[in-house]
Every structure is written in structure tokens, then in C-alpha cells.
Amino acid sequence: MNSYKHLTFMAGICLELCCIWPGSTLNAQDVSAMPSGATSAEAFQKSMVPSDYQIRTGDMIQVSVFNEPELTAGGRVRKDGTIQCPLIGSIKIQGLSQTAAARVIADAYRKDYLVHPEVNLFVSQFSVQRITILGQVQRPGAHDLPSEKDLTILQVLGLAGGPTRIANLKRVLVKRVVDGTEKIFKVDVNSMASGSQTMMFYVREDDVITVPESFF
């Protein structure tokens, strides 16, 4: 990779990385969507998670019900996508947003136990997801992904310190298991960085990314 292309790619990575952990603020819409019994700490914690984040297996969840302290619950989402709540037992929340999961739990309490349950639920800790990046990057090896946001391959290479000067970004290989079958994707990262290719490639947990060497 020549110096100009390397600088262009790194500029693209910087722009992508700016989008990984954007600052979160608690706006009026967030406040109005929260139960009146939510504490300021709970409200702040909930606001730190993107509204469209889907709860995943292994996430640590905290649940409280206004004026019902004995119904407070917490724990990791189990492999079957459920958490255990007092009285109502196992409730499946995997794949739901925080708001939708709170609504499901409230509906379960409303059915047999409470008239107007006000349930607050938030993700207190994300499950650890990892990918492996090999070849011509500054920091090859396993890297943790921020679970609250889907990352493009550009952003992931940025987490690995970016490519080396001899990296061939036109033929990056991504090994991925899909429905039990191993598949290999060839990705032109150079075109994504330059903007000539608008469709981005998003990485998934357990992907193995190999950046080959460029032969002049």
C-alpha cells in the first residue's frame, strides 16, 4: 500500500471509529418512556444503551418494579434467551430492546399479580464478543467487540491499530460459520475506505479476518 492510499484508508478508519462509542445523552423522549418509579441512576444507565440495541445471551440485566422491591431481579440472560423473575418465572427477552423487554415482563405481572406494574429494565453489562484479526494489521490477535453496536470491517481494523503499509486491502478474507457451515467472504476494504463502494460489510462474533500481504 503506497503512502497516499495508506493515509486515505487511515482517514476513513478515523471517521468510522468516531461512530463506535458516540456520546449518549438523556433526551426528553427517553425520560417520557421510562416508568415513573425509575431512579435517576437507572434512567442514566438505560440511556447509555442505544434504543435499538437487542438484548443478547450473556448480557447482565437488572429489573425493578415500582413500589414492589421484592420483585427486583437481576442476572445474565441464559442460553435459552430467558431471565428468571420472581413469581412469573422464566421470561424470554433475547432479541428485544430494553423497553420491549420491560413491557413483556410488565404484561406477565399484569396477567396474574399486579394491576398496573411499572417495570424498569436495563442492561448493566454486555456479554463479551470476540473476533480474530490476522495478517497485516498493527495488533493482530483476538479483539473484544463493543456489543452494543454493530461494527463495520473498517471499524474493526481500526480496533486492531489499522493495516500495515504492505497490507492488501482489496482481498481481505473473512471466515464465518453460517448455520453450521464455514464460509469465506472476500472483502474489498480499500473501496469501502475510499467511498467508491457504499455497501458496508459488518462483522459478527467469532469472525476470523485475515489481511493478506500485498505483493508488488
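Just above, that's the structure.
The structure displayed is predicted, hence computed values, not measured ones. (Residues numbered from 1 in each chain as written. Predicted model: local features only at pLDDT ≥ 70, side-chain atom pairs only at ≥ 80, totals over all residues. Heavy atoms only, no water.)

Colleague: Can you explain the overall build of the protein? Please cite residues and give values.
Modeller: A tally of regular secondary structure across the protein gives 6 helices and 10 strands. Counting across all 216 residues of the protein, residues that qualify as buried make up 43%. Sequence separation of 24 or more characterises 58% of the internal contacts of the protein that already satisfy a separation of 6 or more. As displayed, the protein has an accessible area near 12,000 Å², and 54% of this comes from carbon and sulfur atoms. (Helix = DSSP H or I, 4+ residues; strand = E, 2+ residues; numbered from the N terminus. Buried < 20%, exposed > 50% of the residue type's maximum accessible area, 1.4 Å probe, protein only. Contact = heavy atoms within 4.5 Å. Areas by Shrake-Rupley, 256 points an atom, 1.4 Å probe, with all protein chains shown as cover.)

Colleague: So, the packing of aromatic side chains: which residues are in play, and what are the values?
Modeller: One pass over the full model with this rule turns up 2 aromatic pairs. Seen from their ring centres, Tyr53 and Phe126 are 5.1 Å apart, and the 80 degrees between their planes marks the pair as edge-to-face. One end of the pair, Tyr53, is in the loop between α3 (40-47) and β1 (60-65); the other, Phe126, is in the loop between β5 (119-125) and β6 (129-135), with 73 residues separating them in the sequence. (Phe/Tyr/Trp six-rings, centres within 6.5 Å; stacked < 30°, edge-to-face > 60°.)

Colleague: Which residues make up the environment of Gln94, and what are the values?
Modeller: Along the chain, Gln94 falls in the loop between β4 (89-92) and α4 (98-112). Using a relative accessible area of 35% as the deciding quantity, one classes Gln94 as partly exposed. A C-alpha to C-alpha distance of 5.3 Å links Gln94 and Arg56, two positions 38 residues apart in sequence. Apart from residues lying up to four places away in sequence, Gln94 is in contact with Ile55, Arg56, Thr57, Asp80 and Gly81. Side-chain polar atoms of Gln94 contact the side chain of Thr57, separated by 3.1 Å. (Polar contact = N/O pair within 3.5 Å; in protein donor to acceptor, adjacent residues only side chain to side chain.)

Colleague: Which residues make up the pairing of β4, and what values do they have?
Modeller: Looking at chain direction, strand β3 (residues 82-85) and β4 are connected through 4 bridges and run antiparallel. Residue pairing for β4: Cys85 is matched across the bridge by Gly89. With antiparallel pairing between neighbouring strands as the criterion, β3 and β4 make up a hairpin whose turn holds 3 residues, including Leu87 at a positive phi of roughly 75 degrees. (Pairing = 2+ DSSP bridges.)

Colleague: Report on the sheet that holds β1, specifying residues and quantitative values.
Modeller: As summarised here, the arrangement of the 3 strands in space is β2-β1-β5, forming an open sheet in which the pairing is antiparallel. Strands at the two margins of the open sheet, each flanked by one partner only, are β2 (73-76) and β5. The average angle at which neighbouring strand axes cross in this sheet is 15 degrees, direction not considered. Against the sheet, α4 contacts β1 and β5, and its axis sits at roughly 135 degrees relative to β5. (Axes fitted to C-alpha atoms, helices over the stretch in contact; angles between N-to-C directions.)

Colleague: Describe unusual backbone geometry, and please don't skip the residues or the numbers.
Modeller: Although it is not a glycine, Leu87 adopts a positive phi angle of roughly 75 degrees. Within the element layout of this structure, Leu87 appears in the loop between β3 and β4. Assessed through its relative accessible area of 55%, Leu87 is described here as exposed. If you check the backbone angles, Asp179 has positive phi at about 55 degrees while not being a glycine. One can find Asp179 in the loop between β8 (172-178) and β9 (181-187). We classify Asp179 as exposed; its relative accessible area is 79%.

Colleague: Run through the environment of Lys183, naming residues and quoting values.
Modeller: Relative to the assigned elements, Lys183 resides in strand β9. Apart from residues lying up to four places away in sequence, Lys183 is in contact with Val174, Lys175, Arg176 and Val178.

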